[in-house]
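So you can see what is in the structure, the chains are spelled out below.
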Amino acid sequence: MNCATVKEWIPLYIDGLLSPEVEQSVRLHMMTCPDCAHWLDEAREMAEIWSEMDRDRSLQNDIDVPDLTAGVMAYIGKLENGRRERAATVTMARRRTMPRTSWVHYGVAACLTVILVQFGVFENLAYGITEINGHMSNTVSAWFGPGR
């Protein structure tokens, strides 16, 4: 039994809701794993605190906890509206400029190709590739030729 499974079953173990076989497996794991045993001790302490809170309703009434839900939800709504406005602005700007940008890229590529052809950059390209192939085939023949 691994630690992740045991930690998931600890609340059921504390409440006694596990089958006897699984409960014994959890108990055996707790004997050999100090981390899970510590986790069980903390879970039992938390369960005791919650049960004390349930027994003593007057303690719950004495605690003055402000309701933050409305303020937090309003702030989340404001953040979400701002995110939507920024996303719509960026998307609209991208839609207008994207086709124009792609044509600019194609135009620049075509101009560079024409310039490179005019300067003769591609003139000896085929000769260079043929020469490289010849050198490589000679090297491979020397390495793996009949004399080796």
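Analysis parameters
Residues numbered from 1 in each chain as written. Predicted model: local features only at pLDDT ≥ 70, side-chain atom pairs only at ≥ 80, totals over all residues. Heavy atoms only, no water. Axes fitted to C-alpha atoms, helices over the stretch in contact; angles between N-to-C directions. Helix = DSSP H or I, 4+ residues; strand = E, 2+ residues; numbered from the N terminus. Parallel < 35°, antiparallel > 145°, perpendicular 65-115°, else oblique. Left-handed = near helix turned anticlockwise from the far one by under 90°. Contact = heavy atoms within 4.5 Å. Nonpolar A, V, L, I, M, F, W, Y, C, P; charged D, E, K, R; others polar. Expected span 1.5 Å × (residues − 1). Bend = angle between axes of the 7 residues up to and from the residue. Buried < 20%, exposed > 50% of the residue type's maximum accessible area, 1.4 Å probe, protein only. Patch = residues over 30% accessible without salt bridge, like charges linked within 9 Å, V, L, I, M, F, W, Y side chains within 5 Å. Areas by Shrake-Rupley, 256 points an atom, 1.4 Å probe, with all protein chains shown as cover. Salt bridge = Lys/Arg side-chain N within 4 Å of Asp/Glu carboxyl O. Arc of directions from axis to C-beta. Core = buried A, V, L, I, M, F, W, Y, C linked by side-chain atoms within 4.5 Å. pLDDT = per-residue confidence, 0-100.

Caption draft 1: Inspection of the packing of helix α1 (residues 3-15) against helix α2 (residues 20-32) at higher detail. Packing of α1 against α2 leaves a shortest axis separation of 10 Å and a crossing angle of 120°. One way to sum up the angle between α1 and α2 is to call them oblique. For the crossing formed where α1 meets α2, the hand is left-handed. Along its contact with α1, which presents Cys3, Val6, Trp9, Ile10 and Tyr13, the element α2 presents Val22, Glu23, Val26, Arg27, His29 and Met30. The residue makeup of the contact of α1 with α2, split by class, is eight nonpolar, one polar and two charged.

Caption draft 2: The packing of α2 against helix α3 (residues 34-55), seen in detail. Taken N-terminus to C-terminus, the directions of α2 and α3 make an angle of 115°; their axes are 6 Å apart at the nearest point. When the axes of α2 and α3 are compared, the pair comes out roughly perpendicular. Where α2 crosses over α3, the handedness of that crossing is left-handed. Contacts between α2 and α3 involve His29, Met30 and Thr32 on the former and, on the latter, Pro34, Cys36, Ala37 and Leu40. Each residue belonging to the contact of α2 with α3 can be placed in one class, and the counts come to five nonpolar, two polar and no charged.

Caption draft 3: A look at the side chain of His29. Locating His29 in the fold gives a position in helix α2. Leaving out residues up to four positions away in the same chain, His29 has contacts with Met1, Asn2, Cys3, Val6 and Cys36.

Caption draft 4: Structural context of α1. Here α1 spans 19 Å end to end across 13 residues, near enough to the 18 Å set by a 1.5 Å rise per residue. The largest bend in α1 is about 45°, located at Trp9, with the proline Pro11 one to four residues further on. Among the residues of α1, those classed as buried are Val6, Ile10 and Tyr13. Tucked into the core, α1 has its buried residues touching α2 and α3. Following α1 by one or two positions, Gly16 adopts a phi angle in the positive range, close to 75°.

Caption draft 5: Representation of a nonpolar patch on the surface within the structure. Among the surface-exposed residues, Val104, Val108, Leu112, Ile115 and Phe119 lie close enough to one another that they form a single nonpolar patch of about 510 Å² accessible area. Overall, the relative accessible area of 68% leaves Phe119 in the exposed class.

Caption draft 6: How the structure looks around α2. Taking 1.5 Å of rise per residue, the 13 residues of α2 would be expected to cover 18 Å, and the 19 Å separating its terminal C-alpha atoms lies within 8% of that figure. Among the residues of α2, those classed as buried are Val26, His29 and Met30. Buried residues of α2, viewed axially, fall in a sector of 105°; they line one side. Of the exposed residues in α2, those oriented more than 90 degrees away from the buried face are Pro20, Glu21, Met31 and Thr32. On its buried side, α2 packs onto α1 and α3.

Caption draft 7: Quick peek at the nonpolar core. One finds Val6, Ile10, Tyr13, Leu18, Val26, Met30, Cys33, Cys36 and Leu40 forming the largest nonpolar core, which totals nine residues. At the level of secondary structure, the elements contributing two or more residues to this core comprise α1, α2 and α3. Residue contributions to this core peak at three residues, all from α1.

Caption draft 8: Quick look at the confidence of the model for the protein. For the protein, per-residue confidence averages 78 on the pLDDT scale, and 69% of positions sit at 70 or higher. Helix α4 (residues 57-62) is the least confidently modelled element of the protein, averaging 61 in pLDDT, while α2 averages 92, the highest of any element.

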